[in-house]
Amino acid sequence: MHILIIEDDKELCDALKMQLSVRNHTADCCHTGSEALYYATSDAYDLILLDRMLPEIDGLSILRAIRQNNITAPVILTTALGSLDDRINGLDCGADDYLVKPYAIEELLARIRALSRRPKAFSDHRRLSFLDICFDPDTRILTCRDEEQLLSKRKALLLEFFLRNSNKTLTREQIYSRVWGPDGTVEDGNLDTYVYFLRKHLQILRSHACISTVHGVGYRLEGAENHVS
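So, how was this worked out
Residues numbered from 1 in each chain as written. Predicted model: local features only at pLDDT ≥ 70, side-chain atom pairs only at ≥ 80, totals over all residues. Heavy atoms only, no water. pLDDT = per-residue confidence, 0-100. Helix = DSSP H or I, 4+ residues; strand = E, 2+ residues; numbered from the N terminus. Contact = heavy atoms within 4.5 Å. Pairing = 2+ DSSP bridges. Axes fitted to C-alpha atoms, helices over the stretch in contact; angles between N-to-C directions. Polar contact = N/O pair within 3.5 Å; in protein donor to acceptor, adjacent residues only side chain to side chain.

Student: Would you explain the confidence of the model for the protein chain in this entry?
Tutor: Note that predicted coordinates carrying low pLDDT should not be read in detail. Predicted confidence across the protein chain gives a mean pLDDT of 86, with 91% of residues reaching 70 or more. Ranking the helices and strands of the protein chain by mean pLDDT puts strand 11 (residues 209–214) first, with 95, and helix 4 (residues 84–92) last, with 80. Every residue in residues 121–125 is under pLDDT 50, and counting partners more than four places away or in other chains gives one contact.

Student: What should I look at first to understand the sheet that holds strand 6 (residues 128–130) in this one?
Tutor: Two orientations exist for strands paired in a sheet by backbone hydrogen bonds: parallel and antiparallel. Spatially, four strands are ordered 6-7-8-9 in an open sheet, and the strand pairing comes out antiparallel. The strands lining the two open edges of the sheet, one partner per strand, are strand 6 and strand 9 (147–150). Shown here is a sheet whose adjacent strand axes are inclined to one another by a mean of 20°, direction ignored. Looking at chain direction, strand 8 (residues 141–144) and strand 9 are connected through four bridges and run antiparallel. When the sheet's bridge partners are listed, Cys144 is paired in strand 9 with Glu147. Across the face of the sheet, helix 6 (residues 153–163) comes into contact with strand 6, strand 7 (133–136) and strand 8 while running at roughly 125° to strand 7. Strands strand 7, strand 8 and strand 9 of the sheet are contacted by helix 8 (residues 188–204), whose axis makes an angle of about 160° with strand 9.

Student: Just checking my understanding: could you explain the side chain of Glu7 for this structure?
Tutor: With respect to the element layout, Glu7 can be found in the loop between strand 1 (2–6) and helix 1 (10–22). A polar contact of 3.0 Å, which involves the side chain of Glu7, links it to the backbone nitrogen of Asp9. A polar side-chain atom of Glu7 sits 2.8 Å from a polar atom in the side chain of Lys101. Residues within four places of Glu7 in sequence aside, it is in contact with Leu12, Cys13, Cys30, His31, Asp51, Leu54, Thr78 and Lys101.

Structural data, given as structure tokens:
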């Protein structure tokens, strides 16, 4: 699973990331409310671990914003506030589970496993659209009108990141972190090669969507009328 850890205690965050990595999960960490909103709304996560007490923006406000942006990833709210009213407020704001600090890593892992077993009742929400293309990250099928293309796993991750950030310039560093992982090693030319492959898919489908080069910065998914190669 790809998990977002939103936690202002950096030592705890690093410890959680290490424990999750041992169990074959990948995790991104952020420590403030503004960082949390950026990460949660600009990337695709299988689960979000959200601390309620955060600097800048509190956890409940972040949770409301996540749900208002139609992000359906399960959210486990963590907090030292364990009263009944606190738990009810968290669940009413859109949390899927509630974990009171301090907690054992074994309990957190059990709750993650339980949430991962839930059926995806609203799987259509995973479908991403931009202009005339539609992409299903679960099947990795890209469609345009009546035509479709099956993408490899890496191309699918790259396209999903572009679609979740359409009309935004993504730096090379942002793309490396999301598609290859924050600790992944990748040669600089690999990204350009995968962008070339995605462009070929879009050309085959005769799509109006284009991936433009932002020289010295990165890439942007936008309409063909704005295309810069």
